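Below, each chain spelled out in residue letters.
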Amino acid sequence: MKKGNYVHYHCSFSSSTSEEEDELQEQTEDCQDPGVMNEDVNGVAQLPKTTQVVFEIHSGRPVPRLCEPRHLYGVSGHLSQTLSRWPKECEVIPEEIHHIDWTSPSPEPFCIPESEKWPRYQNVGGGTLVYNSQAGKELYFTGSRPGGNRSPLSQASIPLSGPDDTTLLFEGRFESANLMSAHRIGQFDYDLMLRPDLYTKKHTQWFYFRVRNMRAGVPYRFTITNLLKAASLYEKGQKPLLYSEEKARAFGVGWHRVGYDVSYSRNECFYLGLPCFSLSWSLVFPYDQDTCYLAHCYPYTYTKLWAYLSKIERSPRLSSFCKIRTLCRSLAGNLVPVLTVTSPSRKCGECEAAHKPAIVITARVHPGETNSSWVMKGIMDFLLSDTPDARLLRDAFIFKLVPMLNPDGVIVGNYRCSLTGRDLNRSYNSNLKDSFPTVHAVRTMVHRLCEEREVLLYCDLHGHSRKQNVFTYGCERAAGRQLHERIFPLMLSKNCPEMFSFQNCKFNVQRSKEGTGRIALWKLGILNSFTLETSFCGSSIGQQKGTHFSIKDLEMLGAHFCDTLLDYCDPDRTKYNMCIRELQDSLRQETTLTLAEAPHSDNVSTSGSNSSDSDGPPAHLEALQMINRKKSMKSKKQRDCSCLLRYKDKTPEENKDSDVKDGVRKGKYTLKPLCVPQHMLRRGKQEAPLESADANRKMSVLYLVFDNEKGSVKSKSDYLRHLMAGYIRSRIQMGLSNTLSGLDLGPITMPSGAPRKANQLSGLGRLACGDKRIWRLSPVQWRGSKLHPAPFTLPGMTNRQGEYRTAECKRGQWHGVVKDQATSPDRKSEHVIGKP
């Protein structure tokens, strides 16, 4: 398309996607009449503003054609629909990042603890800034587009001074990366800071970034300084991962463990009131001027997932029993695929297919737990294979697989949250469908499955950052201590003894975890509802003890998971009954041991997360609440508390200034709300200390008139005479002057308690009013009348000071009562103001 001096071409495979809609909206704003070719200033024809027609340039002429229809379910043939959509403020480099899949032929051992050769670093934040990428400047998510920000890419790394400059060139603006800044401390020593989850201020654990311009054979030292977890698997021997592009081209070697002198310790920094921890390690790069990547765990990106799914759609054999559909779109508009794997119902018929049990497996609700994607890949590879066990599973079950529940977080490099700034695995009970569309879609899908057929098992795949091995969290009924929920994990431990630890499994339902998928779907009636936790590090049991998990190990775990399904549903109940007896024996031993060690037990949490980390509304709703906090509606209890505490502990000067800020200023007078407990009005109490006010008690609000120029107050009778005179004048102006012929406006004497009816006032009893609502109106009601606002003074009324002020606030003194200063200084009476 042509606009001004720029020509935009649409390729033949373009379709009416959200990306094109954004471009058309930006590039055709000057079109005057949609559907008609217009002439711009230079006499060049402009194209009509539309999203249904794509114009191709042939021989300098635009040729229109209709957009290709979107695929109703799948995404084959529409590459633009699977492009990663980024928040529109994020900068993204144009290079495509690709890594080969490779597994080390020998197990990779843990890091052996050695003597501390590197001193504990204290001067965090010093050195020379060599990389700075401040992504996510917005407080909340506002929009997305493929490729992120369309502005020219900024220079995040400092330029090299020459070929001899040994400064490393860092980069963290690509898919799933999250490096925020880097400081050069020494010649080969660097301090790094990770970007928190987008639109949050925490969750720094996952890391993934690129380095260039290194020198071979030189020991480099890297220190990540803004980690927030007090415990880490790096203390138990975990090593970081390295990927060298030169080594991959030369030897076909992919991700492998590197590093020595790995340490994890607390530093002197604090963030949000919490202490920060540093992860340090040393390594030697294998090649000069190489391009290397460092990561916390094996990356598995959104682009890699769609490359895997496209192979399935292109295969006639696989697509016959594996259907790829779109579960929903994420908050940023990324597609969330769901795979339905089952044998076609040609032989058994639709009736028999309707009775197939369903099995639901999800992964990557936490984007930084990439090992769960490799376990899911192992499950998908096994189910799509041509082995007899795979065919038996497809014949017996209907599998619903959601391989990536949080694609937005995966794309931007988050560790735990989505673009709402909240943990999706605490939001399964939320009704905010637009904020949490993926978990809402999963819950709806499972609910419909439960209505149609039996859901035999639900499993959510996760990664764990504090414990070794593989284990599960399950749900168990407290009454009777039923053991059927533990059978599947016990069978999995027998099929995968080198990785899975049944002793680390837990079966309970905590109130703080009720928003997780495991508990929320268990309450729908799914007996076997689990969270499968896989360690970021490795195994501490069996023959693989002391070694890291490789990609092959994670994929084999998925295969063992499928094999355990066959054992669990085997018509021969020998294995099932054997597990029941074993669980009964272990339960008796556990009960005896618990009773013996109860006085010495300590409740040390080994959970990999804190369920309170992501409490609260989504980030955009929280920001909206902050903007409209003054305009937001409050409950009566909140209004009462705010009124009582408004003038507490303030000097007269501060109160005089706050009169203008908090009150309704009209001339030299200010209206102030005064709250008095209703129980004091009913019982006629004379004093009510502010500190003893109960927020749960009902309050009455009375607006008092303050004189901003004079700081004294007369007697209560003077104030009430002024108040009633203004009230009577308002009634006169409303057309009731004929009823005031015999009214005496002389001094009004009041009892100590506030009157409940108007006929108790002197002279007001002769008011022959036809409107019975006159005496029922409170001062707040008649002052706020839209017909005529109540005046503040009445001409002809005089007193010793000429003006009125209800109270004079002093630090540490009364509030909510009126002191009668007409009496002598030695004797001051206090009266509670009530509703006239």
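Residues numbered from 1 in each chain as written. Predicted model: local features only at pLDDT ≥ 70, side-chain atom pairs only at ≥ 80, totals over all residues. Heavy atoms only, no water.

Draft legend 1. Structural context of the nonpolar core. Core analysis: the biggest nonpolar cluster contains 96 residues, and Leu532 and Phe561 have the highest contact counts within it. Element by element, the count of residues in this core is highest for helix α12 (residues 551–568), at nine residues. If sequence neighbours within four positions are ignored, Leu532 has contacts with Val375, Cys459, Asp460, Leu461, His462, Val470, Phe471, Thr472, Leu492, Phe500, Leu557 and Phe561. One finds Cys111, Ala182, Tyr190 and Leu192 within the second-largest nonpolar core, a separate group that totals 32 residues. (Core = buried A, V, L, I, M, F, W, Y, C linked by side-chain atoms within 4.5 Å. Buried < 20%, exposed > 50% of the residue type's maximum accessible area, 1.4 Å probe, protein only. Helix = DSSP H or I, 4+ residues; strand = E, 2+ residues; numbered from the N terminus. Contact = heavy atoms within 4.5 Å.)

Draft legend 2. Region of the structure containing the sheet that holds strand β24 (residues 455–464). Read from one edge of the open sheet, eight strands run β20-β21-β23-β22-β24-β27-β25-β26, paired in mixed fashion. Two strands lie at the open edges of the sheet, namely β20 (322–329) and β26 (506–507), each paired on one side alone. The sheet contact formed by strand β22 (residues 358–363) and β24 spans six bridges and is parallel. Residue pairing in the sheet places Ile361 in a bridge with Cys459 of β24. Sheet strands in contact with helix α10 (residues 487–495) are β24, β25 (470–474), β26 and β27 (528–535), and its direction is about 35° off that of β27. (Pairing = 2+ DSSP bridges. Axes fitted to C-alpha atoms, helices over the stretch in contact; angles between N-to-C directions.)

Draft legend 3. Structural view of the side chain of Ser427. When you line up the elements, Ser427 lands in the loop between α8 (407–412) and α9 (437–452). You can call Ser427 buried: its relative accessible area is 8%. Only 3.0 Å separates the side chain of Ser427 from the backbone oxygen of Asp423, close enough to count as a polar contact. When near neighbours in sequence (up to four residues on either side) are disregarded, Ser427 contacts Phe436, Val439 and Gly515. (Polar contact = N/O pair within 3.5 Å; in protein donor to acceptor, adjacent residues only side chain to side chain.)

Draft legend 4. Here's a closer look at the packing of helix α7 (residues 388–396) against α12. Two elements in contact, α7 and α12, have axes separated by 11 Å at closest approach and are oriented at 60°. The orientation of α7 with respect to α12, classified from their angle, is oblique. Crossing of α7 against α12: the hand is left-handed. Listed contacts from α12 to Asp389, Leu392 and Leu393 of α7 are Cys562, Asp563, Leu565 and Leu566. For the contact of α7 with α12, a count of residues per class yields five nonpolar, no polar and two charged. (Parallel < 35°, antiparallel > 145°, perpendicular 65-115°, else oblique. Left-handed = near helix turned anticlockwise from the far one by under 90°. Nonpolar A, V, L, I, M, F, W, Y, C, P; charged D, E, K, R; others polar.)

Draft legend 5. Looking closely at the packing of aromatic side chains. As enumerated under the stated definition, the model contains 28 aromatic pairs in all. Between the aromatic rings of Phe207 and Trp281, the centroid separation amounts to 5.7 Å while the plane-to-plane angle is 20°, which identifies the pairing as stacked. Of the two residues, Phe207 sits in the loop between β12 (189–194) and β13 (208–212) while Trp281 sits in strand β18 (residues 274–284), which places them 74 residues apart along the sequence. With relative accessibility at 1%, the residue Phe207 sits in the buried group. We classify Trp281 as buried; its relative accessible area is 0%. By the ring-pair criterion, three or more aromatic residues cluster together here, those being Phe170, Phe188, Tyr190, Phe207, Phe209, Tyr220, Phe222, Trp281 and Phe285. Looking at Lys467, its charged tip hangs above the ring of Phe471, at a distance of 4.3 Å from the centre. In this structure, Arg573 packs its charged tip against the face of Tyr576, placed 4.2 Å from the ring centre. (Phe/Tyr/Trp six-rings, centres within 6.5 Å; stacked < 30°, edge-to-face > 60°. Lys NZ or Arg CZ within 6 Å of the ring centre and 35° of its normal.)

Draft legend 6. Representation of helix α6 (residues 371–383). The terminal C-alpha atoms of α6, which comprises 13 residues, lie 19 Å apart, in line with the 18 Å expected from a rise of 1.5 Å per residue. Counting buried residues in α6 gives twelve out of 13 residues, a clear majority hidden from the surface. Buried within α6 we find Asn371, Ser372, Ser373, Trp374, Val375, Met376, Lys377, Gly378, Ile379, Met380, Phe382 and Leu383. (Expected span 1.5 Å × (residues − 1).)

Draft legend 7. Inspection of the side chain of Ser181 at higher detail. By the secondary structure assignment, Ser181 is in strand β11 (residues 179–184). Its relative accessible area of 5% is what places Ser181 among the buried residues. Residues within four places of Ser181 in sequence aside, it is in contact with Leu129, Tyr131, Asn132, Asp191, Leu192 and Met193.

Draft legend 8. Broad picture of the pattern of salt bridges. Summed over the entire model, instances satisfying the criterion amount to 14 salt bridges. Here Asp381 makes a salt bridge to Lys377, at a shortest N to O gap of 3.0 Å. Of this pair, Asp381 and Lys377 both sit in helix α6, four residues apart, which is roughly one turn of that helix. The salt bridge involving Glu582 is made with Lys494; its shortest N-O contact spans 3.1 Å. Here Glu582, found in helix α13 (residues 574–597), pairs with Lys494, found in helix α10; they are 88 residues apart in sequence, far enough to count as distant. Relative accessible area serves as the criterion here: at 41%, Lys494 is assigned to the partly exposed category. The network of salt bridges with shared partners includes Glu91, Glu171 and Arg173. (Salt bridge = Lys/Arg side-chain N within 4 Å of Asp/Glu carboxyl O.)

Draft legend 9. Quick look at the confidence of the model for the protein chain. Scored by pLDDT, the protein chain has a mean of 75; 63% of the residues are at 70 or more. Segment residues 1–21: pLDDT under 50, and 58 contacts once partners within four positions in sequence are set aside and those in other chains are kept. Predicted confidence for residues 644–650 stays below pLDDT 50, and this span has 22 contacts to residues more than four positions away or in other chains. (pLDDT = per-residue confidence, 0-100.)

Draft legend 10. Structural context of the sheet that holds strand β15 (residues 241–244). Spatially, β10-β13-β19-β15-β16 is the arrangement adopted by the five strands of the open sheet, whose pairing is antiparallel. On the outer flanks of this sheet lie β10 (169–171) and β16 (256–257), each paired with one strand and no other. In this structure, β13 lies alongside strand β19 (residues 292–295), joined through four bridges in antiparallel fashion. Of the residues in β19, the one forming a bridge with Arg210 is Tyr293.

Draft legend 11. Local environment of the pairing of β24. Counting buried positions over the ten residues of β24 gives ten, a clear majority of the element. Summarising the sheet, β24 and β27 pair through eight bridges and their orientation is parallel. Of the residues in β27, the one forming a bridge with Cys459 is Phe530.

Draft legend 12. Quick peek at the pairing of strand β21 (residues 335–341). Burial analysis of β21 places seven of its seven residues in the buried class, which makes it a mostly covered element. Taking every second residue as pointing to the same face, both faces of β21 are buried, with Leu335, Pro337, Leu339 and Val341 on one and Val336, Val338 and Thr340 on the other. Bridging between β20 and β21 involves seven bridges; their strand directions are antiparallel. For Thr326, the partnering residue across the bridge sits in β21 and is Pro337. Counting the residues that bridge the hairpin from β20 to β21 gives five residues, and of these Gly333 lies at a positive phi of roughly 95°. Inspection of the sheet shows β21 paired to strand β23 (residues 398–402) by three bridges, in the antiparallel sense. Of the residues in β23, the one forming a bridge with Thr340 is Lys400.

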